[in-house]
Amino acid sequence: MYKRIDGKAISADVRAGIAEEVKALNQQGVSVGLAVIIVGEDPASKIYVANKKKACAALGIVSEEYALPEDTDEATLLHLIDELNHRKEINGILCQLPLPKHLDEKKVINAILPAKDVDAFHPQNVGHIMIGDFDFVPCTPAGIIEMLHHEDISVEGKNCVVLGRSNIVGKPMAMLLMHENGTVTVTHRKTKNLKEVCLNADILVSSVGKPNFVTADMVKEGAVVIDVGINRVDGKVCGDVDFDRVAEKTSAITPVPGGVGPMTITMLMKNTLTAAKRQNGILK
Ligand code: GUN
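Figured I'd write up the structure that's included with this text. Here, residues in each chain are numbered from 1, in the same order as that chain's written sequence. Side-chain atom pairs in this predicted model are given and counted only at pLDDT of 80 or more, local residue features only at pLDDT of at least 70, and totals for whole chains, interfaces and linings cover all residues. No hydrogens and no water enter the side-chain calculation; it runs on all heavy atoms of the structure.

Overview of the packing of helix α5 (residues 123-131) against helix α7 (residues 170-179)
Inference 1: Closest axis-to-axis distance for the α5/α7 pair is 9 Å, and the angle between their directions is 30 degrees. Relative to α7, the element α5 lies roughly parallel. Contact residues: α5 offers Ile129, Met130 and Ile131, while α7 offers Met175, Leu176 and His179.
Inference 2: Note on residue classes: Ala, Val, Leu, Ile, Met, Phe, Trp, Tyr, Cys and Pro are nonpolar, Asp, Glu, Lys and Arg are charged, and everything else, Gly too, is polar. By residue class, the composition of the contact of α5 with α7 is five nonpolar, one polar and no charged. Axes here refer to lines fitted to C-alpha atoms; in helices the fit is confined to the stretch in contact. Angles between the N-to-C directions go from 0 to 180 degrees. In this description a helix means any DSSP run of H or I spanning at least four residues, a strand means any run of E spanning at least two, and both kinds are numbered starting from the N terminus. The cut-offs work like this: below 35 degrees is roughly parallel, past 145 is roughly antiparallel, 65 to 115 is roughly perpendicular, and the gaps in between are oblique. By definition in these notes, contact holds between two residues if any of their heavy atoms fall within 4.5 Å.

Concerning the layout of surface pockets
Inference 1: Taken as a whole, the largest pocket encloses approximately 1400 Å³ of empty space.
Inference 2: Surrounding the largest pocket, 45 residues form its lining, Tyr48, Thr140, Ile230, Gly261 and Thr264 being those nearest its centre.
Inference 3: Of all the elements in the fold, those that place two or more residues in the lining of the largest pocket are α1 (7-27), α2 (43-59), β4 (92-95), α6 (139-150), β9 (231-233) and α10 (260-279).
Inference 4: For the lining of the largest pocket, the element with the highest residue contribution is α2, accounting for eight residues. For each structure, a 1 Å grid was placed over the protein atoms alone; sets of points admitting a 1.4 Å probe that cannot get out are labelled cavities, open sets with protein on both sides within 12 Å along at least five of seven lines are labelled pockets, and lining residues have an atom within 4 Å of a point. Grid points are joined across faces, edges and corners, and a volume is the space filled by probe spheres set on the points.

Digging into the pairing of strand β3 (residues 62-68)
In summary, the side chains of a regular strand alternate between the two faces of the sheet.
Inference 1: For two strands to be treated as a pair, DSSP must find at least two bridges joining them. For strand β2 (residues 33-39) and β3, the ladder comprises seven bridges, and the chain directions are parallel. The partner of Val36 across the bridge, within β3, is Glu65.
Inference 2: Handedness of a crossover: with both strands directed away from the viewer, a clockwise path from the first strand across the helix to the second marks it as right-handed. What joins β2 to β3 is α2, and the crossover it makes is right-handed.

Here's the deal with the site of the ligand
Inference 1: In the neighbourhood of the ligand, the contacting residues comprise Leu94, Cys95, Gln96, Leu97, Asp119 and Phe121.
Inference 2: Polar contacts, as counted here, are pairs of nitrogen or oxygen atoms within 3.5 Å of one another; within protein the pair requires one atom able to donate a hydrogen and one able to accept it, and residues that are adjacent in sequence qualify only if both atoms are side-chain atoms. Separating a nitrogen atom of the ligand from a backbone N or O atom of Cys95 is a distance of 2.9 Å.
Inference 3: Within the side chain of Asp119, an N or O atom sits 2.6 Å from a nitrogen atom of the ligand.
Inference 4: Coverage of the ligand by the protein amounts to 80% of the 280 Å² it exposes when considered alone.
Inference 5: The cavity where the ligand resides is the largest pocket.
Inference 6: Here the shell around the ligand is composed, by residue class, of four nonpolar, one polar and one charged. Any residue with a non-hydrogen atom lying within 4 Å of a molecule or strand is treated as near it. Only the protein chains shown count as cover for residues, with accessible areas throughout obtained via the Shrake-Rupley method and a probe of 1.4 Å. Molecules are considered to sit inside a cavity or pocket once more than half of their atoms lie within 2 Å of its grid points.

A word on the environment of Pro100
Inference 1: Among the secondary structure elements, Pro100 is positioned in the loop between β4 and α4 (105-111).
Inference 2: For the exposure calls, accessible area comes from a 1.4 Å probe over protein chains only, and a residue counts as buried if that area is under 20% of its type's maximum, exposed if over 50%, partly exposed in between. Classification of Pro100 by relative accessible area gives buried; the value is 8%.
Inference 3: Along the chain, Pro100 and Met1 lie 99 residues apart, while their C-alpha atoms are 46 Å from each other.
Inference 4: Setting aside its immediate chain neighbours within four residues, Pro100 contacts Val39 and Glu70.

Details of α2
Inference 1: What a helix is expected to span follows from its residue count: subtract one and scale by 1.5 Å. For α2, spanning 17 residues, the distance from its first C-alpha to its last is 25 Å, which sits close to the expected 24 Å at 1.5 Å a residue.
Inference 2: Those residues of α2 not exposed but buried are Ser45, Val49, Lys52, Ala55, Cys56 and Leu59. The arc that holds every buried residue of α2, seen down its axis, measures 120 degrees, which confines them to one face. Exposed and oriented more than 90 degrees from the buried face of α2 are Pro43, Lys54, Ala57 and Ala58.
Inference 3: Contacts from the buried residues of α2 go to α1, β2, β3, β4 and α10.
Inference 4: Looking one or two residues beyond α2, the residue adopting positive phi is Gly60, at roughly 80 degrees. Throughout, the arc means that of the directions going from the helix axis to the C-beta atoms.

If you want it as structure tokens, here you go:
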């Protein structure tokens, strides 16, 4: 029998704690504010941003949305970020990615004040994560660690395999698993003998973005499988893992939807709360 890890339930638990902390801060006269910038009309990005706004409202976090047209020039976007960097009531700034092709993502990320970079994408925050001294962690890997803790799944001494080496998920995920004393392998398109590598995993995290990429013959009996993929097949959302066949081999597995997804926005809320506490001298 495997455990189906319920991201919605864990997320609701964590969110209740955040809402309480926000309320306590409000009572001390401290507000918590997040600015969300979206450029253009990407449909998936619009849904993500709407969900982020909804989560803020539910937790008492004040959110401001800046929806800029597709043809926004770099100077306009950088000017907006500079303004937000200087506003005291804005504790976190997030620029939804991907940006339209004519905008330089690196330049935009670098323009956000590291203390307000609740995505933890700024190179300064990436460096902090590498040395294990950080306030903000990219939301998806942070959510996965939170889920493992919540389920009492220890990483120490375990073989952890992360499929995918993106800056947003794969690389920070590997760092966090190392900080938890896991033995970590990161795989990518050029990895040889992928199946053998995966069969060695006690904890397997897939962030590939291909439906049915992880099949039952790649999974060790009793492994923990975390599915980060969000794919669409015939209009239905699915992950990277062939859930029905893989689940029976695992000791615990996250479904899609209802697994990692709900945790991601929750961790953004947590990072925003942390930013507000830090900026108001509540966290030293
Ligand atoms: N696009 C996809 N995931 C993310 C995320 O976590 N943050 C931002 N800013 N953009 C994204």
